[in-house]
Amino acid sequence: MNKRDFIKQLGGAALFSPFLALPQYPLEESQTPYPKNEDAFWQRIREDYYLKPDYINLENGYYNFIPKPTMEKYIRHIHMVNYEASYYMRTVQWENKDKVRDRLAQLVGASPEELIITRNTTESLDMIIGGYPWQKKDEAIFAQQDYGAMKDQFGLVAKRFGVVNKVVSLPNHPASDEEIVSLYESQITPRTKLLMVCHMVNITGQILPIKKICDMAHSHGVEVMVDGAHCVGHIDVNIAELGCDYYGSSLHKWLSVPLGSGMLFVAKKHIAKIWPLFADHTDEVPEIRRLNHTGTLPVHTDLAIDDAIDYLENIGLQRKEDRLRYLQRYWSDAVRNVEHIVVNTPVDPHRSCGIANVGIAHMKPAHLAKSLLEEFNIFTVAIDYANVQGCRITPNIYTTTKELDTFIFALKTLAKRV
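The name an unreviewed UniProt entry gives the chain is Aminotransferase class V-fold PLP-dependent enzyme, with Maribacter flavus as the organism.

Chemist: Before we go on, may I ask you to explain the overall build of the chain in this structure?
Modeler: Of regular secondary structure, the chain possesses 14 helices and 13 strands. Here the C-alpha atoms of the chain give a radius of gyration of 22 Å, agreeing with the 22 Å that 2.2 N^0.38 yields for 418 residues. Counting only C-alpha atoms and orienting by the principal axes, one finds that the chain spans roughly 65 × 60 × 35 Å. Among the 418 residues that make up the chain, the fraction classed as buried is 54%. The long-range fraction of contacts in the chain, counting pairs at least 24 apart against all pairs at least 6 apart in sequence, stands at 71%. Summed over its atoms, the accessible surface of the chain is roughly 18700 Å², and 53% of this surface lies on carbon and sulfur atoms.

Chemist: Which parts of the structure should I look at to understand the UniProt feature "domain: Aminotransferase class V" (unreviewed entry) in the chain?
Modeler: Mapped onto the present numbering, the UniProt feature "domain: Aminotransferase class V" (unreviewed entry) falls at residues 95–379. Counted over residues 95–379, helix gives 39% and strand 16%. Its end C-alpha atoms are 41 Å apart.

Chemist: Would you take a moment to explain the packing of helix H2 (residues 38–46) against helix H12 (residues 317–335) for this structure?
Modeler: Helix packing for two helices is described by the angle between their axes and how far apart those axes are. It is the contact of H2 with H12, at a shortest axis distance of 13 Å, that shows an interaxial angle of 95°. Judged by the inter-axis angle, H2 sits roughly perpendicular to H12. Contacts between H2 and H12 involve Glu38, Phe41 and Trp42 on the former and, on the latter, Arg319, Lys320 and Arg323. A per-class count over the contact of H2 with H12 returns two nonpolar, no polar and four charged.

Chemist: What's the story with the sheet that holds strand S8 (residues 262–266) in this structure? I'm lost.
Modeler: Note: strands within a sheet are paired through backbone hydrogen bonds, in either parallel or antiparallel orientation. If you walk across this open sheet you meet the seven strands as S2-S8-S7-S6-S5-S3-S4, and the pairing is mixed. One side of each edge strand has no neighbouring strand; the edge strands of this open sheet are strand S2 (115–118) and strand S4 (164–168). Averaged over all pairs of adjacent strands, the angle between their axes in this sheet comes to 15°, without regard to strand direction. Strand direction decides the pairing type here: S2 and S8, joined by four bridges, are antiparallel. Among the inter-strand pairings, threonine 118 is bridged to a residue of S8, identified as glycine 262. Strands S2, strand S6 (223–227), strand S7 (246–250) and S8 of the sheet are contacted by helix H6 (residues 121–131), whose axis makes an angle of about 155° with S7.

Chemist: Whenever I open this one, helix H5 (residues 93–108) confuses me. Can you help?
Modeler: An α-helical segment advances 3.6 residues per turn. Residues three or four places apart therefore align on the same side. In this model H5 runs 23 Å from its N-terminal to its C-terminal C-alpha over 16 residues, within 8% of the 22 Å that 1.5 Å per residue would give. Within H5, burial applies to Gln93, Asn96, Lys97, Val100, Arg101, Arg103, Leu104, Ala105 and Val108. Buried residues along H5 sit in contact with helix H4 (86–91), S2, helix H10 (239–242), S8 and helix H11 (299–315). At the exit of H5 stands glycine 109, carrying a positive phi of roughly 70°.

Chemist: Would you explain a positive patch on the surface in this entry?
Modeler: On the surface, Lys136, Lys137, Arg191 and Lys193 cluster together into a patch of positive charge. Considering the arrangement of structural elements, one finds lysine 137 in the loop between H6 and strand S3 (139–143).

Chemist: Which parts of the structure should I look at to understand the pattern of salt bridges?
Modeler: Side chains bearing opposite charge may pair, as long as their charged atoms lie close to each other. Here the structure, examined in full by the defined rule, presents 25 salt bridges. We note a salt bridge from aspartate 98 to arginine 101, for which the minimum N-O separation is 3.5 Å. Taken together, the positions of aspartate 98 and arginine 101, both in helix H5 and three residues apart, correspond to about one turn of that helix. Note on aspartate 98: relative accessible area 23%, which makes it partly exposed. Here lysine 166 ties to glutamate 139 by a salt bridge, and the two come within 3.7 Å at their closest N and O atoms. Here glutamate 139 lies in strand S3 and lysine 166 lies in strand S4, a separation of 27 residues in the sequence. By relative accessible area, which is 11% here, glutamate 139 ends up buried. A network of salt bridges, in which partner residues are shared, links Asp98, Arg101, Asp102, Glu287 and Arg289.

Chemist: Explain the sheet that holds strand S9 (residues 341–343) here, please?
Modeler: The four strands lie next to each other as S9-S10-S13-S12, forming an open sheet whose pairing is antiparallel. Looking at the sheet topology across the chains shown, the edges are occupied by S9 and strand S12 (381–385). Strand-to-strand twist in this sheet, taken as the mean axis angle between neighbours without regard to direction, amounts to 35°. As judged from the three bridges shared by S9 and strand S10 (residues 356–360), these two strands associate in the antiparallel manner.

Calculation criteria
- Residues numbered from 1 in each chain as written.
- Predicted model: local features only at pLDDT ≥ 70, side-chain atom pairs only at ≥ 80, totals over all residues.
- Heavy atoms only, no water.
- Helix = DSSP H or I, 4+ residues; strand = E, 2+ residues; numbered from the N terminus.
- Rg over C-alpha atoms; globule rule 2.2 N^0.38 Å.
- Buried < 20%, exposed > 50% of the residue type's maximum accessible area, 1.4 Å probe, protein only.
- Contact = heavy atoms within 4.5 Å.
- Areas by Shrake-Rupley, 256 points an atom, 1.4 Å probe, with all protein chains shown as cover.
- UniProt positions renumbered as here; feature names shortened; annotations may be inferred.
- Axes fitted to C-alpha atoms, helices over the stretch in contact; angles between N-to-C directions.
- Parallel < 35°, antiparallel > 145°, perpendicular 65-115°, else oblique.
- Nonpolar A, V, L, I, M, F, W, Y, C, P; charged D, E, K, R; others polar.
- Pairing = 2+ DSSP bridges.
- Expected span 1.5 Å × (residues − 1).
- Patch = residues over 30% accessible without salt bridge, like charges linked within 9 Å, V, L, I, M, F, W, Y side chains within 5 Å.
- Salt bridge = Lys/Arg side-chain N within 4 Å of Asp/Glu carboxyl O.
- Lys, Arg positive; Asp, Glu negative; His and termini not counted.
- Charge placed at Lys NZ, Arg CZ, Asp CG, Glu CD.

In structure tokens, the structure reads:
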């Protein structure tokens, strides 16, 4: 029985097993159409999400949970894989994964031969840091504002191989692209091998000039690894145009794939030199799948990448990007000039999108996050390091301006107490 016939045979009632058919996750074959009017459109999109009523969720950056249409298809994939079991795993598992990879590669402007599906950005980029052909006293450059897991991995290779790590600190409000580029360039020496840079800084939402950084680094013979954890499904990503050597992202963030889905791009010329995390039978062949041997995985999650891209394309990537930037500017513009409120994200629209960071002078970020939750039922996350003191605010496409009005009121109320 093929997959399509299997799903038809299951039908509606058969999918409601005691284990999977939780009341809050009914499977719905039909959805009301999406209206063309923007306000009505986004209100209709909100209906695609099961929202916990206890709080306003402004912490979508960690995990951009799954909308109903993707969830329904994901559950069907779980049923199908469980039904076919080893037959599926030994026949079409890899063929299906390759098809999904090909579509993902098209979305991010990469060649399929240079892309693998991983579990998250940490796995993707740590694979490069740990597998790079380091020599003693080689140098790497990254920023204090980079993600902790990758900084820890650089610390590990420093201990193991004698790599020298050089750390810069990004300004929250750069005057120009050139200020950022020159900051990294100032640390380059003849021993510099690899530069890590965020496409979108996870704690502030600042978008960095990746292509300019890559062009500068390459002029010195330095390779560039880009942390794009928050970019795929959030903004338009075209890896070929960026010109980087490595790019990692987490698909369970803004693409809204189920948890445990990521991707890694490695430029073809670098594939052979990266030492695999686990051995693979293709190790003698310079193809990227030699880096992707991680044992048996939940393959139904791979299949859901295709469904998440369907959902994104139904909305339109540019439309989604515009909406996320609008939501961020809606609240951040309303508080930028309010006494005691500090927005830690650049004011220039092209330097950020849906993510921003805000703090209140003389108030610890942890206290701000606690006050927002306990007094105003607003869930955020506190950030208190690397020149960033505030709460990271990450609305999603289901977020309403009414919810953001509540957030604005909360900030202004708390700022008056300082």
